[in-house]
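Take a look at the letters that make up each chain.
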Amino acid sequence: MFPYKAYAGKWLHVDLTARRVESHPYDQSMAEQYLGGNGFGARLLWEHVGPEVDALAPENLLVFSTGPLCGTLVPNPGRMEVIAKSPLTGIYGDANAGGFLGPELKFAGWDAVVVTGRSDGPVYLAIRDEEVEIRDADALWGLTTSETEDTIRQLWRDTNVKTAVIGPAAENGVLFSGIQITPQRSAARCGLGTVMGSKRLKAVAVRGHGPIEVADPARFYEISADLHRRLRANPIFEAVSAHGTPGIVSMMDALGRFPTKNFQMGSFPGIDSLDAEALEARAFVRHLACFGCPVACDKLYTLPDGPFAGTSLRSVEYETLNAMGAAVWNADIDTVLEANRLCDELGMDTISAGRAISFGMELWEQEILNLDETDGLPLRWGDRDVILTLLERMARREGDFATLLSRGVRRAAETIGRGAEDYAMHVKGMAIAAQDGRAQKSMGLAHVTSNRGADHLKAFPTIDETGYPDEARRRYGEAYLPEMAQPLATKHKPFLVKDGEDFGAVVDSVGVCKSGGTFVLAEIYWEDVAAAVEAATGMAMSVERLKQIGERIYNLQRCYNALHGITRADDRLPRRFSEERSPSGNAEGETIHVEAMLDEYYALRGWDQETGWPTRAKLRELELDEAVDALDLSPDRQSLE
Amino acid sequence: MQLRIHKEKCTGCLICTTYCSFQHERAIWPAMARIRIEAETDSGPFSPQVCRQCNAGRASQGALSPCAEVCPVDAICINEANGAWTIDAGLCTGCGACEDACPFGMIVFDGARGLAFKCDLCGGDPTCAAMCPSDAIEVRST
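Residues numbered from 1 in each chain as written. Chains lettered and ligands numbered in written order. Predicted model: local features only at pLDDT ≥ 70, side-chain atom pairs only at ≥ 80, totals over all residues.

Description of the overall build of chain B
Put simply, the test is: Secondary structure follows DSSP: runs of H or I at least 4 residues long count as helices, runs of E at least 2 residues long count as strands, and numbering of each begins at the N terminus. A radius of gyration in this sense is built from C-alpha atoms; the matching globule rule multiplies 2.2 Å by the number of residues raised to 0.38. The burial label depends on the number of other C-beta atoms within 10 Å of a residue's C-beta. Counts of 20 or more mean buried, 12 or fewer mean exposed, and intermediate counts mean partly exposed, with C-beta atoms placed from the backbone. Once C-beta atoms have been placed from the backbone, residue pairs whose C-beta atoms lie within 7 Å are recorded as contacts.
Assigned secondary structure in chain B consists of four helices and nine strands. Over its C-alpha trace chain B gives a radius of gyration of 15 Å, about what one expects of a compact globule, namely 14 Å for 142 residues. Dimensions of chain B along its principal axes, counting C-alpha atoms only, are 40 × 35 × 25 Å. The buried share of chain B, taken over its 142 residues, is 43%. Sequence-distant contacts in chain B: of pairs separated by 6 or more residues, those separated by 24 or more amount to 58%.

Comments concerning the sheet that holds strand β11 (residues 185-187) of chain A
Residues and elements named next belong to chain A. Heads up, the condition is: Two strands are said to pair when DSSP picks up at least two bridges between them. Working convention: axes come from line fits to C-alpha atoms, limited for helices to the stretch in contact. Angles between N-to-C directions cover 0 to 180 degrees.
Read across the open sheet, the six strands follow the order β8-β7-β12-β9-β10-β11; overall the sheet is mixed. This sheet does not close on itself; its edge strands, each paired only once, are β8 (131-136) and β11. Taking each pair of neighbouring strands and ignoring which way they run, the sheet shows an average axis angle of 20 degrees. Each of β9 (162-165), β10 (179-181) and β12 (201-207) touches helix α4 (residues 145-156); the most contacted strand, β9, lies at about 140 degrees to it.

Some remarks on the nonpolar core
How we decide: As used throughout, a nonpolar core is a set of buried Ala, Val, Leu, Ile, Met, Phe, Trp, Tyr and Cys residues joined through C-beta atoms within 7 Å of each other.
In this structure, Val63, Val113, Val114 and Leu192 of chain A together with Cys16 of chain B are the most contacted members of the largest nonpolar core, which totals 261 residues. Setting aside residues no more than four positions away along its own chain, cysteine 16 of chain B makes contact with Ile35, Pro48, Cys128, Met131, Cys132 and Ile137 of chain B.

So, the environment of phenylalanine 46 of chain B
Residue and element names in this part refer to chain B. Along the chain, phenylalanine 46 falls in strand β4 (residues 46-49). Using a count of 24 C-beta atoms within 10 Å as the deciding quantity, one classes phenylalanine 46 as buried. Between the C-alpha atoms of phenylalanine 46 and proline 72, which are 26 residues apart in sequence, the distance is 35 Å. With near-sequence residues (within four places) excluded, phenylalanine 46 lies in contact with Lys7, Cys10, Gly12, Ile37 and Ala39.

Quick word on unusual backbone geometry
A cis amide bond, omega -5 degrees, links threonine 182 of chain A with the succeeding residue proline 183 of chain A. Looking at where proline 183 of chain A falls in the secondary structure, it is placed in the loop between β10 and β11. With an omega of -5 degrees, the peptide bond between glycine 44 of chain B and proline 45 of chain B qualifies as cis. Here the phi dihedral of glutamine 53 of chain B falls at roughly 50 degrees; this positive angle occurs in a residue that is not glycine. Inspection of the secondary structure puts glutamine 53 of chain B in the loop between β4 and α2 (66-70). Since 25 C-beta atoms lie within 10 Å of it, glutamine 53 of chain B is described here as buried. For cysteine 122 of chain B, which is not glycine, the phi torsion reads 50 degrees and is therefore positive. You can see cysteine 122 of chain B is positioned in the loop between β8 (115-117) and α4 (127-131).

Description of the interface of chain B and chain A
Between chain B and chain A, the residue contacts involve 21 residues of the former and 25 residues of the latter. Listed by contribution, the elements that provide at least two residues to the side of chain B that touches chain A are α1 (15-25) and β2 (27-28) of chain B. Among the elements that line the side of chain B that touches chain A, the one with the most residues is α1 of chain B, at five residues. Bridge analysis of strand β13 (residues 212-213) of chain A against β2 of chain B gives two bridges, and the strand direction is antiparallel. What sits directly across from glutamate 213 of chain A, in β2 of chain B, is alanine 27 of chain B.

Thoughts on the sheet that holds strand β2 (residues 20-25) of chain A
All names here are of chain A. Taken in spatial order, the six strands line up as β2-β1-β6-β3-β4-β5 in an open sheet, and their pairing is mixed. The open sheet has two free edges, formed respectively by β2 and β5 (92-97), since each of these has just one partner strand. The average undirected angle you get between the axes of adjacent strands in this sheet is 15 degrees. Examined bridge by bridge, strand β1 (residues 10-15) and β2 share six bridges and lie antiparallel to one another. Counted as the bridge partner of tryptophan 11 is histidine 24 from β2.

A closer look at the pairing of strand β7 (residues 123-128) of chain A
Residue and element names in this part refer to chain A. Of the pairings in the sheet, the one linking β7 to β8 comprises six bridges and is antiparallel in character. Note on β8: the bridge partner recorded for leucine 125 is isoleucine 134. Linking β7 to β8, which pair antiparallel, is a turn of two residues; within it aspartate 129 sits at a positive phi near 50 degrees. Bridge count for β7 against β12 is six bridges, and the pairing is parallel. Residue pairing for β12: isoleucine 127 is matched across the bridge by valine 206.

Brief notes about the pairing of strand β6 (residues 84-87) of chain B
Residues and elements named next belong to chain B. One ladder, built from four bridges, connects strand β5 (residues 76-79) with β6; its direction is antiparallel. Bridge pairing in β6 links asparagine 79 to alanine 84. Count of turn residues in the β5/β6 antiparallel hairpin: four residues, of which glycine 83 carries a positive phi of about 75 degrees.

Quick word on helix α14 (residues 384-396) of chain A
Residue and element names in this part refer to chain A. Our working definition: For a helix, the expected span equals 1.5 Å multiplied by the residue count minus one. Taking the helix axis as origin, the arc is that swept by the directions to the C-beta atoms.
Relative to the 18 Å expected for 13 residues at 1.5 Å per residue, α14 spans 19 Å between its end C-alpha atoms, a close match to the ideal helical length. Three or more residues of α14 are buried, namely Val386, Ile387, Leu390, Leu391, Met394 and Ala395. Down the axis of α14, the buried set is contained in an arc of 150 degrees. They therefore lie on one face. Looking at the buried positions of α14, the neighbouring elements they touch are α5 (168-171), α12 (333-346), α13 (350-365) and α15 (400-405).

Description of the confidence of the model for chain B
Put simply, the rule reads: Summary of the metric used: pLDDT quantifies the predictor's per-residue confidence within the range 0 to 100.
Residues with a pLDDT of 70 or more make up 100% of chain B, whose mean pLDDT is 97. For this predicted complex, the interface confidence score (ipTM) comes to 0.98, while the overall pTM stands at 0.98.

Some thoughts on the environment of glycine 292 of chain A
Secondary-structure assignment places glycine 292 of chain A in the loop between β14 (284-288) and β15 (298-302). As for glycine 292 of chain A and glycine 78 of chain A, which are separated by 214 residues in sequence, their C-alpha atoms are 6.6 Å apart. The residues contacting glycine 292 of chain A, other than those within four sequence positions of it, are Pro75, Asn76, Pro77 and Gly78 of chain A together with Cys13, Leu14, Ile15 and Thr18 of chain B.

Concerning the packing of helix α2 (residues 37-48) of chain A against helix α19 (residues 493-510) of chain A
Residue and element names in this part refer to chain A. This is how it is decided: Angle categories: roughly parallel below 35 degrees, roughly antiparallel above 145, roughly perpendicular from 65 to 115, and oblique for all the rest. Nonpolar residues are Ala, Val, Leu, Ile, Met, Phe, Trp, Tyr, Cys and Pro. Charged residues are Asp, Glu, Lys and Arg, and all others, Gly as well, are polar.
Following both chains from N to C, one finds α2 and α19 inclined at 95 degrees, their axes separated by 4 Å at the closest point. Classified by the angle their axes make, α2 and α19 are roughly perpendicular. Contact residues: α2 offers Gly37, Asn38 and Gly39, while α19 offers Ala505, Asp508, Ser509 and Val510. The class makeup of the residues in the contact of α2 with α19 is two nonpolar, four polar and one charged.

Remarks on the domain arrangement of chain A
Residue and element names in this part refer to chain A. Formally: Domain start and end points were adopted from an automatic or database domain assignment.
Domain annotation for chain A reports domain 1 (10-207), domain 2 (235-431) and domain 3 (441-522 + 542-637). In this structure, domain 1 and domain 2 have C-alpha centres spaced 26 Å apart. Listed per partner, the contact involves 35 residues of domain 1 and 29 residues of domain 2. When contributions to the side of domain 1 that touches domain 2 are tallied by element, the ones reaching two or more residues are α4, α5 and β11. The dominant element in the side of domain 1 that touches domain 2, judged by the number of residues it contributes, is α5, at three residues. Here the side of domain 1 that touches domain 2 is built from residues that sort into 15 nonpolar, 18 polar and two charged.

Below, the structure written as structure tokens:
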């Protein structure tokens with residue numbers, strides 16, 4: 001009998017090959033060692049999907065996973081994790097989305113859905129509380145994401161159905177396809193939509209009517225209501241609430257941290273047309289929230305006129321304003337919104353899709369590509385038609401060039417050769433999002449240590465992004481100042497990155513948001529999450545224990561990658577960052593060399609300096625003895641022991 | 001006391017429904033919330049629906065709300081301290097007459113327990129209004 005509250009207490013195994021669904025009780029030790037969410041998926045991947053399994057083979061898992069705080073009273077508890085081996089990077093993959101699906105799944109009585117196998121024909125999974133069915137989806141296959149969701153709602157005669165759906169890009173095998181989560185949120189990165197497509201699973205549709213019970217109602221209420229009060233009193237609450245992530249566009253541009261022209265620069269001359277002020281003046285309709293979120297950083301935008309009049313969408317984020325704006329030298333906000341809408345409807349990650357385009361444009365500028373090789377498209381910087389045409393072609397895999405780009409910048413560069421590799425801005429196959437390590441040193445380190453390839457969200461070092469001295473003091477103490485709050489300083493940053501990765505693993509495993517209280521507002525921290533988890537679940541939880549769980553999850557993901565051949569040699573940035581000085585803003589003249597920070601980071605992690613793998617001692621300490629065997633870490637291989 | 005809604009401020013976060021259900025059920029259970037958010041689309045516009053506490057201001061003169069009017073066992077009575085029509089769960093037989101009578105669809109019926117539920121203004125301190133982050137729900141004394 002599963003003893004903890006706040007969980008639904010059971011998860012679904014969906015075998016698409018056998019066309020069978022099975023309910024499993026949630027495992028007590030899984031909850032105690034990994035909490036849920038991200039940890040649950042990482043653990044299952046470790047146990048069931050070895051290096052021999054191709055990411056698009058039926059044997060790969062696709063895990064939709066909530067955590068114990070998802071759907072509860074704490075601020076922004078609407079987050080759900082999706083985990084699988086990534087077809088884009090070939091290593092550990094995960095993506096996270098807000099919205100309403102995670103809570104709905106728990107109200108339906110399920111903590112997670114684990115999909116294995118491959119269906120003969122298109123299917124979707126229908127979950128109505130305890131009733132679960134695999135249904136034919138011939139009529140849905142080929143539809144865009146919103147058409148798919150609308151059709152399911154019509155079939156069910158219920159506008160409250162929450163869905164996870166893929167678009168044509170995933171069906172066609174685009175390697176950076178995402179999964180759209182009600183309402184227009186995206187589990188975007190790592191190509192997990194492509195995994196869903198390979199299983200011929202078009203959608204997961206959920207309706208739930210049940211309760212989530214907690215262990216200590218009075219204490220949980222008090223903790224949650226207090227967290228709400230603290231968030232609303234936080235000094236940047238109003239700004240984040242008013243503008244969402246677009247609010248930081250102009251700040252990042254001033255820091256020289258807003259990738260422009262495929263990272264040639266860190267500031268964009270047309271920034272005034274892309275910032276929050278411009279976006280809101282052009283298209284703002286109303287503020288929108290994910291489940292249980294007081295911040296409401298999401299907005300609805302509608303273009304009133306112009307070539308895309310009527311284009312209406314939400315979740316227009318900082319990242320997309322960069323990927324479809326500055327990074328491709330485009331200052332036309334209408335084009336950004338239309339590109340964003342296309343990616344959402346076709347089901348592609350806006351970051352990786354945009355980076356594929358900026359990569360192509362730089363190759364064109366460098367005269368590495370000619371018209372014959374680009375299927376007749378002159379890839380001029382900022383050309384609206386090129387941007388939109390390439391998005392459509394990539395999603396449909398039309399023409400050799402768009403098909404090449406649809407496999408991601410690393411593979412595309414390998415195929416093109418002739419020096420193209422220098423312009424493929426990725427780490428471990430994952431295109432770098434809208435940060436520049438030259439302008440924020442902690443972020444450069446975070447990009448190389450992230451377990452899913454280049455990523456800002458694993459460590460999410462917000463403390464030194466624009467300088468949060470008060471938060472740095474509150475979290476780490478006076479001794480860490482002033483460097484901890486300075487973006488160009490490297491001192492203390494390995495510690496900041498490690499702490500962020502461990503805390504982030506916990507945040508993603510309990511089911512709350514990093515853009516809400518935990519990282520962006522930097523209000524909710526270890527002791528708050530420990531108290532909330534204990535009151536909600538009834539599991540004894542100290543800060544020490546929670547930190548160990550975060551460390552365990554992060555180390556297990558690293559071990560998974562180690563089994564897939566990842567070593568220290570892969571923890572490196574593209575050459576541009578160490579060899580070309582930033583010409584921009586606060587970062588003018590800066591380069592970044594991660595080696596010294598990496599030494600310190602590995603030491604803090606208890607990882608081997610040479611291999612970059614966790615040591616025997618560290619894995620034993622984290623009760624990951626099976627990883628010691630799997631990695632064959634015999635004592636003589638351990639230089640640190 | 002009455003709840004006044006400023007629907008243009010609603011972001012659709014559902015915090016009111018989670019806290020409402022917790023206040024009354026000691027569980028997070030939006031399906032049982034006594035407040036409901038209607039949405040034209042997932043991205044709004046939203047319209048929070050709350051009990052109007054019909055005729056509460058004239059209850060002392062014997063006026064009844066439509067739900068109280070039809071209750072065959074007089075389980076719905078006015079709480080004079082705050083003006084909320086309140087269902088006595090001990091008396092409720094689960095006949096569903098109040099659900100049919102409410103012009104605004106604000107009676108929540110739980111088939112499993114065979115009982116009807118409605119907004120009781122949390123005994124005078126409505127949690128939905130207290131927790132709404134965008135001030136879309138206002139408490140007005142009447």
